[in-house]
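The lines below spell out each chain.
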Amino acid sequence: MIERVIVFIDGSNVFHAIKSLNIRIDYSKLVNFLVEDRRLVRAYFYGAVPQEKDLKKNSPEWESFLRQKRFLEELALQGLKVKTANLRRLPSGEFLEKEVDIMLATDMLSLAYKNAYDTAILVTGDSDFSYTVEEIQSLGKRVENASFKSTSSYILRKVCDRFTLLDDYIDRFIVEEKVKVSQEISFWEKVLRLWKR
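For clarity, every value in this text was computed on a predicted model and none was experimentally measured.

## Topic: the overall build of the protein
Stage number 1. Secondary structure assignment for the protein yields seven helices and eight strands.
Stage number 2. The buried share among the 197 residues of the protein stands at 40%.
Stage number 3. In the protein, the share of contacts with a sequence separation of at least 24, taken over all contacts with a separation of at least 6, comes to 68%.

## Some details on the sheet that holds strand E8 (residues 162–165)
Strand-to-strand pairing in sheets goes through backbone hydrogen bonds, with the strands running parallel or antiparallel.
Stage number 1. On the basis of which strands lie adjacent, the open sheet formed by six strands has the order E3-E2-E1-E6-E7-E8 and parallel pairing. Sheet topology places strand E3 (81–86) and E8 at the edges, where each strand pairs with a single neighbour. Neighbour-to-neighbour, the strand axes of the sheet open up by a mean angle of 20°, direction not taken into account.
Stage number 2. Direction of pairing for strand E1 (residues 4–10) relative to strand E6 (residues 119–123): parallel, over a ladder of five bridges. Bridge pairing links Ile6 to Ala120 in E6.
Stage number 3. Where helix H4 (residues 100–113) meets the sheet, its contacts fall on E1, strand E2 (39–49), E3, E6 and strand E7 (142–147), and the angle it forms with E1 comes to roughly 170°.

## Thoughts on the environment of Phe45
Stage number 1. By secondary structure assignment, the location of Phe45 is in strand E2.
Stage number 2. Beyond its immediate chain neighbours, meaning those up to four positions away, Phe45 contacts Ile9, Gly11, Tyr27, Phe71, Leu72, Leu75, Leu80, Lys81, Val82 and Lys83.

## A look at the packing of aromatic side chains
Stage number 1. In the structure shown here, the tally under the stated rule is nine aromatic pairs.
Stage number 2. Geometrically, the ring pair formed by Tyr27 and Phe71 is edge-to-face, given 5.8 Å between the ring centres and 65° between the ring planes. With Tyr27 in helix H2 (residues 27–35) and Phe71 in helix H3 (residues 60–77), the pair connects residues that are 44 residues apart, well separated along the chain.
Stage number 3. Relative accessible area serves as the criterion here: at 5%, Tyr27 is assigned to the buried category.
Stage number 4. Aromatic rings pair up to connect Phe8, Tyr44, Tyr46 and Tyr117 into one cluster.
Stage number 5. It is Arg157 that lies over the ring of Phe163; its NZ or CZ is 5.3 Å from the centre.

## Some words on the side chain of Thr151
Stage number 1. Structurally, Thr151 is set in the loop between E7 and helix H6 (154–159).
Stage number 2. Take Thr151: its relative accessible area is 19%, and that puts it in the buried class.
Stage number 3. Here Asn13 takes part through its side chain, which lies 3.1 Å from a polar atom of the side chain of Thr151.
Stage number 4. Not counting residues up to four positions away in its chain, the partners in contact with Thr151 are Asn13, His16, Ala17, Gly125 and Asp126.

## Notes on the pairing of E8
Stage number 1. Bridge count for E7 against E8 is four bridges, and the pairing is parallel. The partner of Glu144 across the bridge, within E8, is Arg162.
Stage number 2. Assessed by its sense of winding, the connection that carries the chain from E7 through H6 to E8 is right-handed.

## Remarks on unusual backbone geometry
Stage number 1. With a phi close to 60°, Glu36 is a non-glycine residue in the positive phi region.
Stage number 2. Structurally, Glu36 can be placed in the loop between H2 and E2.
Stage number 3. Residues other than glycine seldom take positive phi values, yet Asn115 does so here, at roughly 55°.
Stage number 4. Within the fold, Asn115 resides in the loop between H4 and E6.

How each quantity is defined
Residues numbered from 1 in each chain as written. Predicted model: local features only at pLDDT ≥ 70, side-chain atom pairs only at ≥ 80, totals over all residues. Heavy atoms only, no water. Helix = DSSP H or I, 4+ residues; strand = E, 2+ residues; numbered from the N terminus. Buried < 20%, exposed > 50% of the residue type's maximum accessible area, 1.4 Å probe, protein only. Contact = heavy atoms within 4.5 Å. Pairing = 2+ DSSP bridges. Axes fitted to C-alpha atoms, helices over the stretch in contact; angles between N-to-C directions. Phe/Tyr/Trp six-rings, centres within 6.5 Å; stacked < 30°, edge-to-face > 60°. Lys NZ or Arg CZ within 6 Å of the ring centre and 35° of its normal. Polar contact = N/O pair within 3.5 Å; in protein donor to acceptor, adjacent residues only side chain to side chain. Right-handed = clockwise from strand over helix to strand, strands pointing away.

Right, here's the structure in full:
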C-alpha cells in the first residue's frame, strides 16, 4: 500500500526563515520534494492576513496586503489549500498573529483521527507543535518535520519520526530570479555594426 501524506506548512515560520536567507521558494516544488514517491493527499498552507477595515487604502500596509493576497491566490492555483486567520490590530498599531497554530494543530489531529493520512509532514520550526505531534503518533501515525536552520526547534525535531533540514536542499525548490537581458547594445557592437555596413 502506498503511504499517504499530507503536508502542513506554517507560512509565518517559513516566511521568517526565507526572509533571513533572502530567498523565494516555489511551494509546489517544496511539497513535491518533501512527499518524494509517496501519495500526496493534500498540502495545506496556513497564514494570517489583516482585515481590510484595519488598513488605510494606498498606504504601505495596504500595498503589502494586496501582495499577500496575490501570493495566497497563486498558492491556491498551484494546488495548495490555503487557510488563513485574521491578524489582530493592537492599540499600538502593530498586528498580532493569533489562531494560526491552533488551526494547523486542529487540522493535523482531526485528519489523523479521520485516518486521512499515514504520515504528516509539518513544515515549521515551532516547538509549540511538539505535544500535537506526540498525540498524532499515539494514533499510529508518523510525523516528519522539515524546517530551516534559523527557525528550527530541537524539541520538535526530537519528537518527530524524521527531520529534514531544508537549508541543505534549497536548490530543489528555490525560485530562480530571471535575469533581465539588457536591450542596450554595447559600444563595441555598435562599432561592429557600423563597420559591417
